[in-house]
Amino acid sequence: PALPTAAMVAPFRRFARSYHFASPAYHAAFSPRVAVDTAPIRAAALAAHGRLVAETSPSGGPASWHASPMVSLLGGKRLEGGERVLTVDAFGATNGAQLLASTDEMEALLRQIEGPAAPRADLRPAIRRLEARLLEQRAGEMIAAQLVDFGKQDGVTEFEEAHQANPVEMRLNDDMWEAEAAGEIVIPRRPVLVPCVSNFSHFLDLCRKTLRCLELGIPVVVLSRSHTAQYPFRWAQLLADELAAERVDPTLFTFVSASLPNQQRLIRAATRAAASEPAAAAEGTPTPFLFTGARSLAALIKADVAPGMIASTQGPNLMVALGLPPSVAKAAALSATIENSGQCTALRVLLAPQAEATDAAVGAMLAVDAAATGADAASYLSAGQFAGLLAPAPVAEDGRPPRTPSGYTAHAASEGVSYRVSVGLPDDGLSRLEPLAEHWRQVVLDVATPPAGVDIASDESADAVGAWLVRHQPITCSVNGAVGRDAAPAVAAGAPPDHFRFARRVFERSALCVYSVGDADAPVLSAQARPQDGECFGELPPLSSMADVTVFPMVVPSAQAAYFSHYSTEHLRALGAAAAAPPPPA
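This part is about the overall build of the chain. When helices and strands are counted, the chain shows 21 helices and 20 strands. Expected size for 586 residues packed as a compact globule is a radius of gyration near 25 Å; at 25 Å, the chain falls within 12% of this value. Seen through its C-alpha atoms, the chain measures out along the principal axes to roughly 85 × 65 × 45 Å. Of all 586 residues assigned to the chain, the portion counted as buried reaches 56%. If you take every contact in the chain between residues at least 6 apart in sequence, the share linking residues at least 24 apart comes to 77%.

This part covers the side chain of Gln473. Along the chain, Gln473 turns up in the loop between helix H17 (459-472) and strand S16 (476-480). A residue is classified by how much of its surface remains accessible, and Gln473, at 7% relative accessible area, is buried. A distance of 2.6 Å separates a polar atom in the side chain of Gln473 from the backbone oxygen of Ala511. Ignoring sequence-local partners within four residues, the contact set of Gln473 consists of Arg295, Gly315, Trp468, Ala511, Leu512, Leu540, Pro541 and Pro542.

With that settled, the discussion passes to the confidence of the model for the chain. Of the residues in the chain, 91% have a pLDDT of 70 or more, and the chain-wide mean is 90. This stretch, residues 11-15, has a pLDDT under 50; its non-local contacts, to residues over four places away or in other chains, come to eight contacts.

Read across the sheet, seven strands follow the order S13-S14-S15-S12-S11-S16-S17 without closing on themselves; strand pairing throughout is mixed. In this open sheet, the two edge strands, each paired with only one partner strand, are strand S13 (409-410) and strand S17 (514-518). Where strand S11 (residues 317-321) and strand S12 (residues 347-351) come together, four bridges link them in parallel fashion. Across the sheet, residue Val320 finds its bridge partner in S12, namely Leu351. Packed on one face of the sheet, helix H19 (residues 498-508) meets S11, S16 and S17 and runs near 170° to S17.

As a further point, take the packing of aromatic side chains. Tallying each qualifying case throughout the model produces three aromatic pairs. Judged by centre distance (5.2 Å) and plane angle (65°), the ring pair of Phe233 and Phe255 falls under edge-to-face. Residue Phe233 is located in helix H10 (residues 230-245), and its partner Phe255 is located in strand S8 (residues 253-256); the two are separated by 22 residues in the primary sequence. Taken individually, Phe233 and Phe255 each receive the classification buried, so the pair is uniform in this respect. Ring centres of Phe507 and Tyr515 lie 5.1 Å apart, and the angle between their planes is 70°; this geometry places the pair in the edge-to-face category. Residue Tyr515 is classed as partly exposed on the basis of its relative accessible area, which comes to 24%. Over the ring of Trp177 we find Arg120; its NZ or CZ atom is 3.6 Å from the centre of that ring. Here the guanidinium or amino end of Lys152 rests over the ring plane of Phe200, the centre of that ring lying 4.1 Å away.

Ranked by size, the top nonpolar core spans 77 residues in total, and within it Trp235, Leu239 and Phe253 carry the most contacts. By residue number, the principal contributor to this core is helix H8 (residues 155-181), which donates nine residues. Among all residues touching Leu239, those that are not within four sequence positions of it are Leu130, Leu134, Leu206, Thr210, Leu211, Leu214 and Phe253. Leu109, Leu110, Phe291 and Ile301 belong to the second largest nonpolar core, which has 28 residues in total.

Of the voids in this model, the second largest pocket is the one considered here, and its volume is about 520 Å³. Lining the second largest pocket are 26 residues, and of these Thr157, Glu161, Ile338, Ala527 and Gln528 sit closest to its centre. Elements that contribute at least two residues to the lining of the second largest pocket include exactly H8 and helix H14 (326-336). When residues in the lining of the second largest pocket are grouped by element, the largest group, five residues, is from H8. By residue class, the composition of the lining of the second largest pocket is eight nonpolar, ten polar and eight charged.

The angle between the axes and the distance between the axes are what describe a pair of packed helices. Where helix H5 (residues 103-114) contacts helix H11 (residues 260-276), the axes come no closer than 9 Å and their chain directions differ by 25°. Taken together, the axis directions place H5 and H11 in an arrangement best described as roughly parallel. For the pair H5 and H11, the crossing hand works out as right-handed. Residues Met106, Glu107, Leu109, Leu110, Ile113 and Glu114 of H5 lie in contact with H11, whose contacting residues are Asn262, Arg265, Leu266, Ala269, Ala270, Arg272 and Ala273.

A few words on unusual backbone geometry. A negative phi angle is the norm for most residues apart from glycine, just as the trans form is the norm for most peptide bonds. Across the junction of Ala391 and Pro392, the peptide omega takes the value 0°, indicating a cis bond. Relative to the helices and strands, Pro392 resides in the loop between helix H16 (377-383) and S13. With an omega dihedral of 5°, the bond running from Val556 to Pro557 counts as a cis peptide bond. Structurally, Pro557 can be placed in the loop between strand S19 (554-556) and strand S20 (566-567).

Procedures and definitions
The numbering scheme is per chain: residues are counted from 1 as the chain's sequence reads. Reporting of local features is limited, given that this is a predicted model, to residues whose pLDDT is at least 70; pairs of side-chain atoms are given and counted only at 80 or more, and all residues count toward the totals for whole chains, interfaces and linings. The side-chain values count all of the structure's non-hydrogen atoms but skip hydrogen atoms and water molecules. Strands here mean DSSP runs of E at least two residues long; helices mean DSSP runs of H or I at least four residues long; both are numbered from the N terminus. Note on method: radius of gyration uses C-alpha positions; expected globular size equals 2.2 Å times residues raised to 0.38. With a 1.4 Å probe rolled over the protein chains alone, any residue whose accessible area is under 20% of its type maximum counts as buried; one over 50% counts as exposed, and the rest are partly exposed. Two residues form a contact once any of their heavy atoms are found within 4.5 Å. A 3.5 Å cut-off defines polar contacts: any pair of N or O atoms within that distance qualifies, except that in protein one atom must be a possible hydrogen donor and the other a possible acceptor, and neighbouring residues in sequence count only when both atoms are side-chain atoms. Per-residue confidence from the prediction method is given by pLDDT, with values spanning 0 to 100. By this definition, two strands are paired if DSSP reports at least two bridges between them. To get an axis, fit a line to the C-alpha atoms, keeping to the stretch in contact for a helix; angles then go from 0 to 180 degrees between the N-to-C directions. Aromatic rings from Phe, Tyr and Trp, taking only the six-membered ring of Trp, are treated as a pair when their centres fall within 6.5 Å; an angle between ring planes under 30 degrees marks them as stacked, one over 60 as edge-to-face, and anything in between as tilted. By definition here, charges over rings are those cases where NZ of Lys or CZ of Arg is within 6 Å of the ring centre and within 35 degrees of the ring normal. Buried residues of nine kinds, namely Ala, Val, Leu, Ile, Met, Phe, Trp, Tyr and Cys, make up a nonpolar core once their side-chain atoms join them within 4.5 Å. In this analysis a 1.4 Å probe is tested at points of a 1 Å grid over the protein atoms alone, and where it fits but cannot get out there is a cavity; an open set with protein on both sides within 12 Å along at least five of seven lines is a pocket; lining residues have an atom within 4 Å of a point. Grid points are joined across faces, edges and corners, and a volume is the space filled by probe spheres set on the points. Asp, Glu, Lys and Arg are counted as charged, while Ala, Val, Leu, Ile, Met, Phe, Trp, Tyr, Cys and Pro are counted as nonpolar; the rest, among them Gly, fall into the polar class. Roughly parallel means an angle under 35 degrees; roughly antiparallel, over 145; roughly perpendicular, 65 to 115; everything else is oblique. Should the near helix be turned counterclockwise from the far one by less than a right angle, the crossing is left-handed, whereas a clockwise turn marks it as right-handed.

Pasting the structure below:
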């Protein structure tokens, strides 16, 4: 066939990209790496925890959380005229007090939300100075508050990741600022809504969502939680103080301590205010609602009050073990019990050979010795251990102690651990959005085996895994070989080992954000990616339900404001004119 002419190629000329995913500039934002010494962070966190414990109130929780309760923060001031209620921690115990916004205070908050958009302002230097102080000087007290409230066993790693991933997103923000200055994009500056997540609020809510928006001059409104609400408020108060120290306009940051109906009222008001602006209406840009949590909840909120939902959602993470030698079995147990199944990457389903995945073998695998570390979160933090069981266990979403789900077996020795061994990958068909219950903060493991006559390492097995991943769309799939890489029979013949071949076939038949491959010598866990190592982390809903859950899928790291910004009309016209121009003479 004839070669394409210049005129044929002209409409498809490549244009340089800046902050876009998978572009050269995006890749360049990952370097240089940041080294983090975690020992001082851990020491500071343990010392701060000791101080909180020393001030324990007879009413439960730190005395300071009663004397200085959660409140709304507006314009740098505390709103203290509302109804006083008690807050509860992850274990259902009282741990402080909260003042819910009064009628007059809600009116003031609504006026703030409905006001005009903020002017363009470069706050990057100020925000990055105060961020450095927060992460370096206040990390200990923030981790301690999270430990007391949420029962987080490994708050240090969250700060390590923040130190390493934040610079990547700062560089992406720098690209966005320059693109806006060049007239290429428009960054809306109406308030962004941030409902706090129960875990990882310091990295996800404080750094990724709040600080990265604030530094571009975008107002942020943080919404209080109904439980484990104290520690997000504590970082919000620290941030408000730091903003004042940097003389940043205090109206750019608001914290809303309010009942659920009042929060819904505020979300609707923000959406209406955004839609009333001519520019926003023309571009179809609703108020951004930056959410991290369950798919079903995201869908409800998006349909009811927040059409601008930009969600990171969970999924039932899968590990395929082509064999269960002790090292791989340990990796599975650690993955299932990471922070008492309190991380979105915790293992939910294990596929293993039928001969090795017996009830006895699974019971032995999940015999978690909490006494070796200590059953409270502070003991795990002190030991530097991220996985294990808490005693007492965190309460379920309905506030009751965790229960063994129907059809599962309660572990005889590890209280709070449930498992089910069955043929075929599980699919309970509970709902279109979540066919398999995730049992947040409960260690519930499905151990599946291939159907009779199907080799777990076969193409048929890999195809079944790929189809299951497409339906359930977890965050991560990990594949572990049965033996060490050098001992694999295929290696001797010069072919890839079985687990490499299996993982590649699964990769080609699914579309997750995180895949991990290991073997008996170096098993991988069900774990998140490491942005500091050039890896991307994402929580992507199934394509069939993505529009129900989110406006766009969320990837970390990324420029947070890019999700609700748009190209300028003038820039697009210029690109169109350049593409239509005749090619230069050959």
